[in-house]
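Okay, here's what each chain looks like letter by letter:
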Amino acid sequence: MAVSSSPTPSAAATGSRFPAFLSLSLLFLAFAFSFARDMFKSLVKLDKAALSQTDLGWFYDGLHQGPYAFCLFASSAIVLVYSARGMRPMATVSSPDRAVFWIRVLLAVFNVFQITWALVTVYVINRPKPQTWPVALENVARRIAYPSFFNFAWALVLALRSPAISPLQAALGLSYEDSIKLHRSNGWWMTITSVLHVSGYLVAWLKQGTLDKELRWASPHGMGNVWGIIQAAIFFPLVFASIPWIRRKSYLIFTVFHATWPVLLVASIMHATTYMQPLLPPLALFIIDRLACLYGTGSGPSGASPAVATAVRVTDDLTALLIPVGPLPSSSSPDKNDEKNHLTSNTHLSALDQDLIDMYQPGRFLSVGITTSLRSYVAHPFSIAAYSPANRTVTLMVRALGPFTRELHALASPEGEAVSVRVKGPFSMPVYPRRNAGEDAYAPTDAEIGESRKATTTVVAGGVGLSKYVHSATVSPATLKHFASVNSIKKDAAEIDGDEEVSSSSSDAATAVQATATNGGGLRKLWLCKHPAEMAMYAAVGADLTGWEVYCKQPSNAAAGVVRTSYPLFAQKVAAPLSTLARVFLYVLFVGLYLATYFVSRIMLSVPANAKYCTKQNTMEQFMRCSRWFAILPYLSVLVIFGALVTLVSVIRGAVAATERPASLFYTHPAVPAGIVRYVQRRFDADQDLDLAARKRSAVARVVAACVVGEEPAFRSCTSVPVRDVFRQRAHATGASFVDDAQGL
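Residues numbered from 1 in each chain as written. Predicted model: local features only at pLDDT ≥ 70, side-chain atom pairs only at ≥ 80, totals over all residues. Heavy atoms only, no water.

Visitor: Is there a simple way to think about the overall build of the protein chain in this case?
Guide: The number of helices and strands found in the protein chain is 29 helices and 19 strands. Considering the protein chain as a whole, with its 745 residues, one finds that 55% of them fall into the buried category. In the protein chain, of all internal contacts separated by at least 6 residues, the share reaching a separation of at least 24 is 79%. Put simply, the protein chain shows about 30700 Å² of open surface, and 65% of that area lies on carbon and sulfur atoms. (Helix = DSSP H or I, 4+ residues; strand = E, 2+ residues; numbered from the N terminus. Buried < 20%, exposed > 50% of the residue type's maximum accessible area, 1.4 Å probe, protein only. Contact = heavy atoms within 4.5 Å. Areas by Shrake-Rupley, 256 points an atom, 1.4 Å probe, with all protein chains shown as cover.)

This is the structure:
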């Protein structure tokens, strides 16, 4: 029985790029506004004798932060509107590293310009008559402080996980892992500017002999400088824990130090209040991203939804986690006859099913925590392996490698066991989004690669790395019930046993397998499978393995009897995804709550203050209004009160939208039919199977191939470190580009 290919998203995903262009343009304007804030302060002269520090803050709020915040929120709102059915990105899905590279260049240019502007301001614009080099160095160090806060603000934007409000992910087609690359680059620029700021001050003070005076709490700048020491004591260990070698060796240390960012925020505000305005809008956006489920099927505390998943033990180290999403399909329950909420045929989908398919595309990830375990309560990210519309269930394939995954594997059983979990997401963007019916979802379009470019891409997935690249197949509930009733899964399992297997002694294996690569429009899909049961389970949960070349040392019939015709799904509360209108309403509500929280927290600052008001601080009101403690109130209100309001609204929304989903069965999809995959029973050999030795070129030949001929071969890999290192070396030797999709979070 044939299985239909994945249904297509709406025209927005394959139509005009204008929404993505508009979103990116607004984001760039916001970036430019935040970048130009210090230039504006240097060029616009104010009578500081007649204005207090807080009045200056209101001045910059109106002339700088207003347009900056509007552009940032508007860019995110455009993404929110189009994220329901996808947004056609500006960049190509085949080369995310190019977009990452040019954004890194942009960050470098802006930061270098900021440092240069600090020198221009001190030595040209505001140059005093007599100026010794220690005084000049101190002034330069003061000016370099702003780029640090500027980078702090944009580090929050680059850390957004939800594709519903992240402009870079949706408009550029970047995954969360790609945006985290930019987040790390931004963090290193923040480190560089912070080191220049701190070292400049220390050298100047040591030369002038004023170090002891400047660090006294009672001195004019003493309190701010002491808070600067506290800020450095928090920030630099955080930077140290972010070094790749340390982060990979001890992710727990990295997580603990990164969790101190709210304390770093408070210390930063206390250190230099007037430089912190650019951080407020990104802070609000970051809170919405972390605490509100604007994209998904539920909401709860901290943006997580409670669920009862089914943990299936597939092999000795692999667990399939089945998580129900959305109401039970009508045809699966005799008590429900809501025709608009279920899959009516192989080709016609309801609006709800289309939304769920678009949301839970493989390649995105969910963050999952085990609620019954204190050690495993913290959510861990896992890529979506497949989504079954007929069962309205999303599946994660989890390899038992660490404490969390081993505990999950211990809770699983071959029959399927109930596991209470917390689910956040889905997050990120799929590596290869679906296209229209009849189009190869993996092949770049002519508009993306140019008609003259002869792009050839080889995708290599290792084990559960297949989840990064695979797509979901779609069949109706009636079809799955038919397969289950006649036990046709076992019958279909025999079909692959009869399929042609390439032995390890076959000398023309590479040629034979290469012949199957033409289905991807110049793309080969290779899967290095650890056990045939993995392939059988991927197919059973709804993954479309069409066109994949599977390399495995064991015979395919070793998977016989592993996959069952059905697995239990347990009763629980679920909710349908929000409509676009509801998501936009919630987003506008959150932005309104942010503005209300911010302005109410600063209402006292609108009271005029004369120049002599802060000369003598005789009352508590004077102390609060003239000190940094009062200036911190807007930031704490956004961080704490606004965060609490977002959580409250999300919990209420989740409770209202929740419905009871009764216990049911997950009917597994049919096994892989003959001819769908190419099963090769041996270890994969890169040189032999890809014929890389014959493709090696000199440096001149690589340039000619890329620039003149237009050919640009590429490798994409989601495998273990040793395997992807081999592919990286082979890619460089053949002049191909290499994209590492296994970099992790």
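Visitor: Whenever I open this one, the nonpolar core confuses me. Can you help?
Guide: Soluble globular proteins tend to bury their nonpolar side chains together. Counting 109 residues, the largest nonpolar core has Trp 154, Leu 294, Ile 323, Tyr 360, Leu 366 and Leu 396 as its most contacted members. Of all the elements, helix 6 (residues 145-158) adds the most residues to this core, at 10 residues. Not counting the four nearest positions on each side in its chain, Leu 366 is found in contact with Ile 323, Tyr 360, His 380, Pro 381, Phe 382, Ile 384, Val 394, Leu 396, Val 423, Lys 424, Gly 425 and Pro 426. Val 314, Ala 533, Tyr 538 and Tyr 679 belong to the second-largest nonpolar core, a separate cluster that totals 39 residues. (Core = buried A, V, L, I, M, F, W, Y, C linked by side-chain atoms within 4.5 Å.)

Visitor: In this structure, what is going on with helix 22 (residues 580-601)? I would like to understand it.
Guide: Think of an α-helix as turning once every 3.6 residues; residues three or four places apart then point the same way. The end-to-end C-alpha distance of helix 22, which contains 22 residues, comes to 32 Å, matching closely the 32 Å that a straight helix rising 1.5 Å per residue would cover. If you check which residues of helix 22 are buried, you get Arg 583, Leu 586, Tyr 587, Phe 590, Val 591, Tyr 594, Thr 597, Tyr 598 and Ser 601. Across the axial projection of helix 22, the buried residues extend over an arc of 135°, all falling on one side. Along helix 22, the residues that are exposed and aim more than 90 degrees away from the buried face are Leu 581, Phe 585, Val 588 and Val 600. (Expected span 1.5 Å × (residues − 1). Arc of directions from axis to C-beta.)

Visitor: Where do I start with the pairing of strand 7 (residues 457-462) in this structure?
Guide: Along any regular strand, the residues point their side chains to alternate faces of the sheet. Most of strand 7 sits inside the fold, with 5 of its 6 residues counted as buried. Pairing between strand 7 and strand 10 (residues 523-528): 6 bridges, direction parallel. From the neighbouring strand, Val 459 faces strand 10, where its bridge partner is Lys 525. As paired elements, strand 7 and strand 18 (residues 714-718) share 5 bridges and run parallel to each other. Note that in strand 18 the partner of Ala 461 across the bridge is Cys 718. (Pairing = 2+ DSSP bridges.)

Visitor: What is the right way to look at the sheet that holds strand 2 (residues 318-324) in this model?
Guide: Within a sheet, each strand pairs with its neighbour through backbone hydrogen bonds, oriented either parallel or antiparallel. Overall, antiparallel pairing links the 6 strands, which are arranged 1-2-5-4-3-6 in a closed barrel. Taking the axes of each pair of neighbouring strands and ignoring which way they run, one obtains an average angle of 45° across the sheet. Pairing of strand 3 (residues 365-370) with strand 6 (residues 417-427) involves 5 bridges; the strand directions are antiparallel. The partner of Phe 365 across the bridge, within strand 6, is Phe 427. Along the sheet face, helix 16 (residues 403-411) touches strand 1 (305-313), strand 2, strand 3, strand 4 (380-388), strand 5 (393-399) and strand 6 and points at about 70° away from the line of strand 3. (Axes fitted to C-alpha atoms, helices over the stretch in contact; angles between N-to-C directions.)

Visitor: What should I look at first to understand the packing of aromatic side chains in this one?
Guide: The description of an aromatic ring pair rests on the distance of the ring centres and on the angle between the ring planes. By the definition in use, this model includes 20 aromatic pairs. Aromatic pair Phe 28 and Phe 110: ring centres 6.4 Å apart, planes at 75°, arrangement edge-to-face. Taken together, the positions of Phe 28 in helix 1 (residues 18-35) and Phe 110 in helix 4 (residues 96-125) put the pair 82 residues apart, joining distant regions of the chain. Pairing Phe 382 with Phe 404 gives two aromatic rings, centres 5.8 Å apart and planes at 25°, and the pair type is stacked. One end of the pair, Phe 382, is in strand 4; the other, Phe 404, is in helix 16, and 22 residues separate them in sequence. Side by side, Phe 382 and Phe 404 carry an identical accessibility label, which is buried. In this structure an aromatic cluster arises from ring pairing among Phe 28, Phe 31, Phe 110, Tyr 146, Phe 150 and Trp 154. (Phe/Tyr/Trp six-rings, centres within 6.5 Å; stacked < 30°, edge-to-face > 60°.)

Visitor: I keep staring at unusual backbone geometry and nothing clicks. Help me out?
Guide: Note: most residues except glycine have negative phi, and most peptide bonds are trans. Note the cis peptide between Gly 425 and Pro 426, where omega equals 15°. Residue position: Pro 426 is located in strand 6. At Ser 428, a residue that is not glycine, the phi angle is positive and equals roughly 70°. Inspection of the secondary structure puts Ser 428 in the loop between strand 6 and helix 17 (446-449).

Visitor: Whenever I open this one, the pattern of salt bridges confuses me. Can you help?
Guide: Opposite charge on two side chains permits them to pair, given that their charged atoms come into close proximity. Taken as a whole, this structure holds 9 salt bridges when the rule is applied. Note that Asp 317 is salt-bridged to Lys 530, the shortest N-O span being 2.5 Å. A residue pair is termed long-range when its members are at least 10 positions apart, and Asp 317 in the loop between strand 1 and strand 2 and Lys 530 in the loop between strand 10 and helix 21 (532-540) qualify at 213 residues. Accessibility expressed as a relative area gives 48% for Lys 530, which makes it partly exposed. The salt bridge involving Arg 392 is made with Asp 353; its shortest N-O contact spans 3.1 Å. Of this pair, Arg 392 sits in the loop between strand 4 and strand 5 while Asp 353 sits in helix 15 (residues 351-359), placing them 39 residues apart in sequence. Judged on exposure class, the residue Arg 392 and its partner Asp 353 are both buried. Where salt bridges share partners, they join Asp 317, Arg 399, Lys 530 and Glu 534 into one cluster. (Salt bridge = Lys/Arg side-chain N within 4 Å of Asp/Glu carboxyl O.)

Visitor: Before we go on, may I ask you to explain the confidence of the model for the protein chain in this structure?
Guide: Interpreting fine coordinate detail is not advised for predicted regions of low pLDDT. Averaged over all residues, the pLDDT of the protein chain equals 76, while 71% of them reach at least 70. Low confidence marks residues 332-347, where pLDDT is under 50. Its contacts with residues over four positions away, or in another chain, come to 36 contacts. (pLDDT = per-residue confidence, 0-100.)

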